Amino acid sequence: MSEVLNIEYLKKVLYLFGRQKRYIPFLIASFAIGSIIDFIGIGFVGPFLALFIDPDSVIESNEFFKRFTQEELILYAGIFLIAIFGLRVSVSYFIFRFILSVTFNRQIFLREELANAFFSQDFSNRLEKNSGYYQTAIVSLCTQYTNTSTNCLRLISECITLSVIIILLCFVDIQILITIIIILAFFLITYFKFITSSISLAGKNKIIGLNKLNQSMSEIIKGLKEIKILNLGNFFANRIFQSATITAESEKKIYLHSFLPRYFLEFVLVFTLTFVLIFSIQSGVPIEVLIAKLGVFLVASLRLLPASVSIVQTLNNLSIDKPAVLQLYDEVIKINQMRLKNNNKDNKKINFELRSSKLELKNVFFKYPNTSDYVLEDINLIISNGDFIGIKGESGSGKTTLIDLILGIYIPTSGEIKVNGIDIHESLIAWQSNIAYLPQETFLIDGSIIENIALGIDRNSFSESEVVHSLKKAQIFEHVEKLDEGLESQIGDAGLLLSGGQKQRLAIARAFFNKRNVFIFDESTSALDGASEEKIL
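Bear in mind the structure is a predicted one, so any value in this text is a computation, not a measurement.

Some words on the overall build of the protein
Link 1 in the chain: Helix and strand counts for the protein stand at 17 helices and six strands.
Link 2 in the chain: Within the protein, the proportion of its 537 residues that are buried is 41%.
Link 3 in the chain: The contacts in the protein between residues at least 6 apart in sequence include a share of 77% that link residues at least 24 apart.
Link 4 in the chain: Summed over all atoms, the accessible surface of the protein reaches about 30000 Å², with 61% contributed by carbon and sulfur.

If you want it as structure tokens, here you go:
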């Protein structure tokens, strides 16, 4: 329990809350209002029961009550009691709805931040982690943080409610209350001593299992053809089984511990109230006094039991989600550092449209992170506007790496890459806005032809004639024209409904449509026949 309630960890949870922190004071105030309503409702139970057990003493206690008969007092008191508890239900609904609104809005922003960071980071960072890691970060870690933030707010709410009810019970019978607290504390300390470490380990293993599961699924989707041809289905099915087993075993423990607290606390509550009842009777406490007091305690227990169960479950969930929250915190810190670094850059305008424009690589060396051998050494190259050049070399000689350096995907280990005298990494977005890049593996989305050509561009900002013109230049319009739905024809996941040559032509058409000043082809016409390749180039 102490590992999730330490100040440093709670500071990290609060940091991840971002701008949503401004709602916390309002939420705490609403929790206090709900608790006051609880205080009034539960506190009124004792006098209400007294109207049945000893109505005369209640009526005699106040001149105002003498105006009513016993039946009238019971009726009005009953209506008041129902109204108070009805109000508590309404207030609880709106409070919890607001909690979910705040935490899930934060989840949306966190996922967007992680996605943007994934696009903006130096690509060498991508090499340190597999694709399963990023899927887990954007999907699972954000979900687990949402659970944590919701649970923290619930914990605050339930603790306030618990404190208010305990204060009320102090006025009813402090000896009974102390007895209940001592017995409950003993059982809870014992419970957390044996359970917390097991839950925390289950949370860590769940992240590991999900990461492996996402990675395996990503590999299967990318290499489905090769897997079928090489008859590797059983191999990958076994990998799915192993990662699914890790995840399932962890989740079994988590679900078990989510149900256990309720039954555990019910047992403790029944044990405690029975003990108090027997002890009080043997001590000679009058039965009518005992009934009134226990009535208040029983009604209070209807609120205390769910609150206690909620607190225990919340602490369990915080232990489960802590590894995910710490991992997400590290990612967000990196995002903010990267954003600060980018904001400090002098974002100069880079335009390669001018005839005098030139790209210069000067004394460029490059090696991949955590390796000692250079892939490229002392590269010096000048490319001017209008140049048409090809790069030849053996497989593995660094051709694609050189292209990635020119694109700004990688940062040189040493040396400079400049456009018109400006380092491309000082204004990377401006430089990349000049480039149309066509890689070896064609990138297409599961959508229509027109969606893939004008990818990410609002439909209202271009005309179909521009798309048609690009398709004609890429030598694919005749094929599109024959399709029943024309430009609106679906191409399937990653262009599954197209041939290899058609995929490449579609990607080339997108490059023409974007009207970039620099075209970089990385074997992107390999699936075309010689005549088509010559026409396009």
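Comments concerning a nonpolar patch on the surface
Link 1 in the chain: On the surface, Ile 36, Phe 39, Ile 40, Phe 80, Ile 167 and Phe 171 cluster together into a nonpolar patch covering about 590 Å² of accessible area.
Link 2 in the chain: Here the nonpolar patch gets three residues from one element, more than from any other, and that element is helix α2 (residues 24–43).
Link 3 in the chain: Looking at the secondary structure, you find Ile 167 in helix α7 (residues 131–222).

Focus on helix α14 (residues 464–473)
Link 1 in the chain: Of the positions making up α14, those classed as buried are Val 467, Val 468, Ser 470 and Leu 471. Mapping the buried residues of α14 onto a view down its axis gives an arc of 160°, with all of them on the same face.
Link 2 in the chain: Where the residues of α14 are buried, they touch α13 (449–453), α15 (477–482) and α16 (500–513).

Observations concerning unusual backbone geometry
Link 1 in the chain: In this model, Asp 378 sits at a positive phi of 50°, which is unusual for a non-glycine residue.
Link 2 in the chain: Among the structural elements, Asp 378 can be located in strand β2 (residues 376–384).
Link 3 in the chain: Phi at Gln 475 is positive, roughly 60°, even though this residue is not glycine.
Link 4 in the chain: Along the polypeptide, Gln 475 turns up in the loop between α14 and α15.
Link 5 in the chain: Since its relative accessible area comes to 33%, Gln 475 is described here as partly exposed.

A look at the sheet that holds β2
Link 1 in the chain: With antiparallel pairing, four strands are arranged side by side in an open sheet as β2-β1-β3-β4. The sheet is open, and its two edges are formed by β2 and β4 (422–423), each paired on a single side.
Link 2 in the chain: Here strand β1 (residues 358–366) runs beside strand β3 (residues 414–419); their pairing, made up of five bridges, is antiparallel. Following the sheet pairing, Phe 365 is matched in β3 by Ser 414.
Link 3 in the chain: Contacts from helix α11 (residues 399–407) reach β1, β2 and β3, with the element oriented near 120° to β1.

Quick word on the environment of Ala 29
Link 1 in the chain: Locating Ala 29 in the fold gives a position in helix α2.
Link 2 in the chain: On the accessibility criterion, Ala 29 (40% relative accessible area) is partly exposed.
Link 3 in the chain: The sequence separation of Ala 29 and Ser 157 amounts to 128 residues, and the corresponding C-alpha distance is 9.7 Å.

A word on the packing of aromatic side chains
Link 1 in the chain: All told, the structure shown has 10 aromatic pairs when counted by the stated rule.
Link 2 in the chain: Measuring from centroid to centroid gives 5.6 Å for Tyr 15 and Tyr 329, while their planes differ by 75°, and the two rings are edge-to-face. Within this pair, whereas Tyr 15 is found in helix α1 (residues 7–16), its partner Tyr 329 is found in helix α10 (residues 287–343), the two being separated by 314 residues in sequence.
Link 3 in the chain: Residue class for Tyr 15 comes out partly exposed when judged on its relative accessible area of 34%.

Details of the pairing of β1
Regular strands place their side chains on alternate faces of the sheet.
Link 1 in the chain: Strand direction decides the pairing type here: β1 and β2, joined by six bridges, are antiparallel. Paired with Val 364 across the strands is Ile 379, a residue of β2.

Side note on the confidence of the model for the protein
Link 1 in the chain: Overall, the prediction assigns the protein a mean pLDDT of 78, with 85% of residues at 70 or greater.
Link 2 in the chain: In the model of the protein, helix α17 (residues 530–536) stands out as the element of lowest mean pLDDT, 54, in contrast to β1, which has the highest, 91.

What to know about the packing of α14 against α16
Link 1 in the chain: Between α14 and α16, the least distance of the axes is 8 Å, while the angle of their chain directions is 125°. Classed by the angle they form, the pair α14 and α16 counts as oblique. For the pair α14 and α16, the sense of crossing is right-handed. Side by side, α14 and α16 meet where Glu 466, Val 467, Ser 470, Leu 471 and Lys 473 of the first sit next to Leu 506, Ala 509, Phe 512 and Phe 513 of the second.
Link 2 in the chain: Grouping the amino acids of the contact of α14 with α16 by side-chain chemistry returns six nonpolar, one polar and two charged.

Structural notes on the pattern of salt bridges
Close approach of charged atoms lets side chains of opposite charge pair.
Link 1 in the chain: In total, this model carries five salt bridges according to the counting rule given.
Link 2 in the chain: Between Lys 418 and Glu 416 there is a salt bridge, and its shortest N-O distance comes to 3.8 Å.
Link 3 in the chain: Among the residues examined, Lys 418 registers a relative accessible area of 27% and is labelled partly exposed.
Link 4 in the chain: Across the pair Glu 466 and Lys 515 runs a salt bridge, and its minimum N-O distance is 3.4 Å. One end of the pair, Glu 466, is in helix α14; the other, Lys 515, is in the loop between α16 and β6 (518–521), and 49 residues separate them in sequence.
Link 5 in the chain: Classification of Glu 466 as partly exposed rests on a relative accessible area of 28%.
Link 6 in the chain: Among the residues examined, Lys 515 registers a relative accessible area of 61% and is labelled exposed.

Section: α1
Link 1 in the chain: All of the buried residues in α1 are Tyr 9, Val 13 and Leu 16. The arc enclosing the buried residues of α1, seen along the axis, measures out at 65°, which places them on a common side. Facing away from the buried surface of α1 by more than 90 degrees, the exposed residues are Ile 7 and Lys 11.
Link 2 in the chain: Note on α1: the residue one or two positions beyond its end, Gly 18, has a positive phi of about 60°.

Observations concerning the nonpolar core
Link 1 in the chain: Residues Leu 16, Ile 42, Tyr 145, Leu 169 and Leu 328 are the most contacted members of the largest nonpolar core, which totals 55 residues.
Link 2 in the chain: Looking at this core, the elements that each hand over two or more residues are α1, α2, α3 (45–53), α5 (70–120), α7, α9 (233–282) and α10.
Link 3 in the chain: Leaving out residues up to four positions away in the same chain, Leu 328 has contacts with Leu 16, Leu 110, Leu 114, Leu 141, Cys 142 and Tyr 145.

Details of the side chain of Thr 247
Link 1 in the chain: By the secondary structure assignment, Thr 247 is in helix α9.
Link 2 in the chain: At 3.0 Å, the side chain of Thr 247 forms a polar contact with the backbone oxygen of Ser 243.
Link 3 in the chain: Residue contacts for Thr 247: discarding those within four places in its chain leaves Lys 206, Gly 209 and Leu 210.

Details of the environment of Asn 420
Link 1 in the chain: For Asn 420, the position within the fold is in the loop between β3 and β4.
Link 2 in the chain: Under the relative-accessibility criterion, Asn 420 is labelled partly exposed at 36%.
Link 3 in the chain: Contact partners of Asn 420, with chain neighbours within four places excluded, come to Asn 351, Ser 356, Ser 357 and Lys 358.

Rules and cut-offs
Residues numbered from 1 in each chain as written. Predicted model: local features only at pLDDT ≥ 70, side-chain atom pairs only at ≥ 80, totals over all residues. Heavy atoms only, no water. Helix = DSSP H or I, 4+ residues; strand = E, 2+ residues; numbered from the N terminus. Buried < 20%, exposed > 50% of the residue type's maximum accessible area, 1.4 Å probe, protein only. Contact = heavy atoms within 4.5 Å. Areas by Shrake-Rupley, 256 points an atom, 1.4 Å probe, with all protein chains shown as cover. Patch = residues over 30% accessible without salt bridge, like charges linked within 9 Å, V, L, I, M, F, W, Y side chains within 5 Å. Salt bridge = Lys/Arg side-chain N within 4 Å of Asp/Glu carboxyl O. Arc of directions from axis to C-beta. Pairing = 2+ DSSP bridges. Axes fitted to C-alpha atoms, helices over the stretch in contact; angles between N-to-C directions. Phe/Tyr/Trp six-rings, centres within 6.5 Å; stacked < 30°, edge-to-face > 60°. pLDDT = per-residue confidence, 0-100. Parallel < 35°, antiparallel > 145°, perpendicular 65-115°, else oblique. Left-handed = near helix turned anticlockwise from the far one by under 90°. Nonpolar A, V, L, I, M, F, W, Y, C, P; charged D, E, K, R; others polar. Core = buried A, V, L, I, M, F, W, Y, C linked by side-chain atoms within 4.5 Å. Polar contact = N/O pair within 3.5 Å; in protein donor to acceptor, adjacent residues only side chain to side chain.

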